Amino acid sequence: MRKSVKIAAGVLAALLAAGAALAVFFLKSSSEEDVAGRIFLYGERHADETFLEEEFALWSNFYHEEGMRHLFIEKPYYTAEFLNLWMDADSDEIFNQLYAEWDGTPAHSELVRSFYKRIKEECPETVFHGTDIGHQYNTIGARYLDYLEENGMEGSEEYALAQEAIEQGVEYYRQRDEVYRENRMAENFIREYEELDGAPVMGIYGLNHTDPDAMNYTGKVPSMASQIAERYGDRLEILDYQPERVDTLEVGGKSYTAEYFGEQDLSGHSTEYRCREFWRLKDAYEDFRDCETTIDRLPVSQYPMRVQTGQVFVIDYTRTDGSVERLYYRADGEEQDGMVLTTNFLPD
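1. Some points on the overall build of the protein chain
(1) Moving on: Check the secondary structure of the protein chain and you find 11 helices and 14 strands.
(2) Moving on: Here the protein chain holds 348 residues, and 53% of them are scored as buried.
(3) Moving on: The long-range fraction of contacts in the protein chain, counting pairs at least 24 apart against all pairs at least 6 apart in sequence, stands at 69%.
(4) Moving on: If you sum the accessible surface of the protein chain, you get close to 16000 Å²; carbon and sulfur atoms cover 44% of it.

Laid out in structure tokens, this is it:
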């Protein structure tokens, strides 16, 4: 069986703020087992401050307490290689160019910039491994090939891997094929891991890629984590993003156990709403599967936790005037343009 290190939302940041010993917390969670050969995967919502804080706390502990050095990220091979060059450089010129080229993506965020700079400052021997398909192949990818050519490395393994990532990017963007991407991500991860001869690794990927018991969000292919688990079994551990607390909510005249996943600040994205809070109702889908629906759909990427078909969610939107609007969504497996959606329903 795979082991799961359960980490409540905000717990690590709170521990750090309070000056508690993070190493003690983590080692107790992992039963003080040897990390040799282990694969630790953390699922994030991109460019989210809470996730980034926990990611850094986890990686810092692995780095300083367990001696780990290999950090796998949801970036193409060549992007990670540029990050590695930057880690050895005396200036931020390499990173600043990458950051400019991330414009228009979630990575173009001051929170993400701070995350990487903090790694360079506090975990300077980190080695990045990019295992995604070739996003930005005509900018970052082409520039990395130019760098290799300028340094006489046309026939190198680095050149071949960069070319492969670029070809994967071209194929993916030809039809936005998420099944193709998920499979390539798993293959690329396995390739990089096998090259390390048993060294432990931590990986940071979107929530949709890190559930070992689920399909990816298209519902058509096992997730990256599922494919990794199939190959490595007990070596894989999932660093789960767990609810902050468990409440009881009454919906449609019935009480449900409701897992609370925290509050998201919306003030930077909306003039109407200040924040929203998320609950997941346990064992509720059959009660609401036939309820009347509206035209409102919310992509699963908007949720701060993994979303699986057959789940029900309650979201409270707090307006700028302090009033609260409660909405209800269920995961029917609906998909549009390659994006999995949840459906707003009326419980009464």
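There is more to say, and it comes next.
2. Observations concerning the side chain of His70
(1) Moving on: Of note, His70 is situated in strand 3 (residues 70-76).
(2) Moving on: Residue classification places His70 among the buried residues on the basis of a relative accessible area of 18%.
(3) Moving on: Reaching out from His70, the side chain makes a polar contact with the side chain of His129 at a distance of 2.8 Å.
(4) Moving on: For His70, the residues in contact, after removing those within four places along its chain, are Trp59, Val127, His129, Leu196, Ala199, Pro200, Val201 and Met202.

3. Remarks on the pattern of salt bridges
(1) Moving on: Under the definition given, this model contains 24 salt bridges.
(2) Moving on: Across the pair Arg245 and Asp247 runs a salt bridge, and its minimum N-O distance is 2.9 Å.
(3) Moving on: Classification of Asp247 by relative accessible area gives buried; the value is 19%.
(4) Moving on: Across the pair Glu272 and Arg319 runs a salt bridge whose closest N-O atoms are separated by 2.4 Å.

4. Overview of the packing of aromatic side chains
(1) Moving on: Per the stated rule, a full pass over the model turns up 27 aromatic pairs.
(2) Moving on: Ring centres of Trp102 and Tyr116 lie 5.9 Å apart, and the angle between their planes is 45°; this geometry places the pair in the tilted category. Taken together, the residues Trp102 in the loop between helix 5 (93-101) and helix 6 (110-122) and Tyr116 in helix 6 connect sequence positions 14 residues apart. Taken individually, Trp102 and Tyr116 each receive the classification buried, so the pair is uniform in this respect.
(3) Moving on: Taken together, the ring pairs in this structure connect Trp86, Phe95, Tyr99, Trp102, Phe115, Tyr116 and Phe128 into an aromatic cluster.
(4) Moving on: Taking NZ or CZ as reference, Lys75 lies 5.2 Å from the ring centre of Trp102, over its face.
(5) Moving on: One residue, Arg326, lies across the ring of Trp279, its end atom 5.4 Å from the ring centre.

5. Side note on the confidence of the model for the protein chain
(1) Moving on: Per-residue pLDDT for the protein chain averages 89, and the proportion of residues at 70 or more is 90%.
(2) Moving on: Counting interchain partners and residues more than four positions distant, the pLDDT-below-50 stretch residues 1-32 has 60 contacts.

6. A few points about the environment of Glu292
(1) Moving on: Turning to its location among the elements, Glu292 is positioned in the loop between helix 11 (285-288) and strand 10 (293-299).
(2) Moving on: A sequence separation of 55 residues divides Glu292 from Pro347, and the C-alpha atoms of the two residues are 7.6 Å apart.

What counts and what doesn't
Residues numbered from 1 in each chain as written. Predicted model: local features only at pLDDT ≥ 70, side-chain atom pairs only at ≥ 80, totals over all residues. Heavy atoms only, no water. Helix = DSSP H or I, 4+ residues; strand = E, 2+ residues; numbered from the N terminus. Buried < 20%, exposed > 50% of the residue type's maximum accessible area, 1.4 Å probe, protein only. Contact = heavy atoms within 4.5 Å. Areas by Shrake-Rupley, 256 points an atom, 1.4 Å probe, with all protein chains shown as cover. Polar contact = N/O pair within 3.5 Å; in protein donor to acceptor, adjacent residues only side chain to side chain. Salt bridge = Lys/Arg side-chain N within 4 Å of Asp/Glu carboxyl O. Phe/Tyr/Trp six-rings, centres within 6.5 Å; stacked < 30°, edge-to-face > 60°. Lys NZ or Arg CZ within 6 Å of the ring centre and 35° of its normal. pLDDT = per-residue confidence, 0-100.

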